[in-house]
Amino acid sequence: QSELTTEFNIIENLKPLLYDIKLEICQQTALSLGRIKSDEAIAELGNILNKETTPIKLRKAVLQGLSWTESPQALTYLKQELFRENLEVCLIVIPLLGTQKSEIVRHQASQILIDFWASKIPISQQPKIKQEIAVSLGELGGETAIAYLKKLANDPNKSVKLHAIAGLKKAGIK
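Residues numbered from 1 in each chain as written. Predicted model: local features only at pLDDT ≥ 70, side-chain atom pairs only at ≥ 80, totals over all residues. Heavy atoms only, no water.

For the rest of this paragraph, the subject is the overall build of the protein. When its secondary structure is counted, the protein shows 11 helices and 0 strands. Start at the N end of the protein and walk to the C end: the helices and strands fall as α-α-α-α-α-α-α-α-α-α-α. Residue pairs in contact within the protein that sit at least 24 positions apart in sequence constitute 62% of those at least 6 positions apart. Just so you have it, the protein exposes about 9100 Å², and 55% of that area is on carbon and sulfur atoms. The average position of the 22 basic charges and that of the 19 acidic charges among the side chains of the protein differ by 11 Å. (Helix = DSSP H or I, 4+ residues; strand = E, 2+ residues; numbered from the N terminus. Contact = heavy atoms within 4.5 Å. Areas by Shrake-Rupley, 256 points an atom, 1.4 Å probe, with all protein chains shown as cover. Lys, Arg positive; Asp, Glu negative; His and termini not counted. Charge placed at Lys NZ, Arg CZ, Asp CG, Glu CD.)

In structure tokens form, the structure reads like this:
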């Protein structure tokens, strides 16, 4: 795949499509770049995220594409979006972090979620956000995630508590 990407200059040919007048083309291009999984593609997707004028529908496709790369650099961009404190974006990013399958980035994804929750910024303390964090930590598993799930299981909000318990079960803790 890498040889073909280089030989046909695919990334350079796709870049202009990120700025197409039709939003659907921009979205499909973002997803395609995510499937390429190269540093250059990740950087280009990061550039789109850094533009304040990026529409939420394109932002969502870029975030999805970045999550598919399962690279540490891509997770850095996801973290950056999480801390922008936009509820809609947070509700997109948190589950994407929970879908990381590669051992290389699972711990990093868990740490991003934990850092966000521990930051005590107002949005991170909303019950819906804490529920999503609990579900994603349960998907990721690991000692650190389990420790924080146990803390979430003591949350005064019943729904957060139930999500944390479900996360613990998913992580293999009865």
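What follows covers the nonpolar core. The tendency in soluble globular proteins is for nonpolar side chains to be buried as a group. If you look at the biggest cluster of nonpolar residues, it comprises 52 residues, and the most contacted ones within it are Leu66, Leu97, Phe116 and Ile133. In this structure, leucine 66 is in contact with Ile42, Leu45, Leu49, Ala74, Tyr77 and Leu78, ignoring residues within four places of it in sequence. (Core = buried A, V, L, I, M, F, W, Y, C linked by side-chain atoms within 4.5 Å. Buried < 20%, exposed > 50% of the residue type's maximum accessible area, 1.4 Å probe, protein only.)

Note on placement: lysine 130 falls in helix H9 (residues 127–140). On the basis of relative accessible area, lysine 130 is assigned to the buried category, the value being 9%. With sequence-adjacent residues up to four places away left out, lysine 130 is seen in contact with Trp117, Ser124, Gln125, Leu152, Asp155 and Val160.

Structurally, arginine 59 is set in helix H5 (residues 56–69). For arginine 59, the side chain forms a polar contact with the main-chain oxygen of lysine 51, separated by 2.9 Å. Once residues within four sequence positions are removed from consideration, arginine 59 is found in contact with Leu49, Lys51, Glu52, Thr54, Glu81, Arg84 and Val89. (Polar contact = N/O pair within 3.5 Å; in protein donor to acceptor, adjacent residues only side chain to side chain.)

Attention now goes to the packing of aromatic side chains. Where two aromatic rings form a pair, the distance of their centres and the angle of their planes describe that pair. Across all of its chains, the model carries 2 aromatic pairs by this definition. Relative to tyrosine 148, the ring of tryptophan 117 lies with its centre 5.8 Å away and its plane at 85°, an arrangement referred to as edge-to-face. With tryptophan 117 in helix H8 (residues 103–118) and tyrosine 148 in helix H10 (residues 143–152), the pair connects residues that are 31 residues apart, well separated along the chain. A relative accessible area of 10% means that tryptophan 117 is categorised as buried. Against the face of tryptophan 68 rests arginine 35, its NZ or CZ located 3.7 Å from the ring centre. The ring of tryptophan 117 carries lysine 120 above its face, with NZ or CZ at 5.6 Å from the centroid. (Phe/Tyr/Trp six-rings, centres within 6.5 Å; stacked < 30°, edge-to-face > 60°. Lys NZ or Arg CZ within 6 Å of the ring centre and 35° of its normal.)

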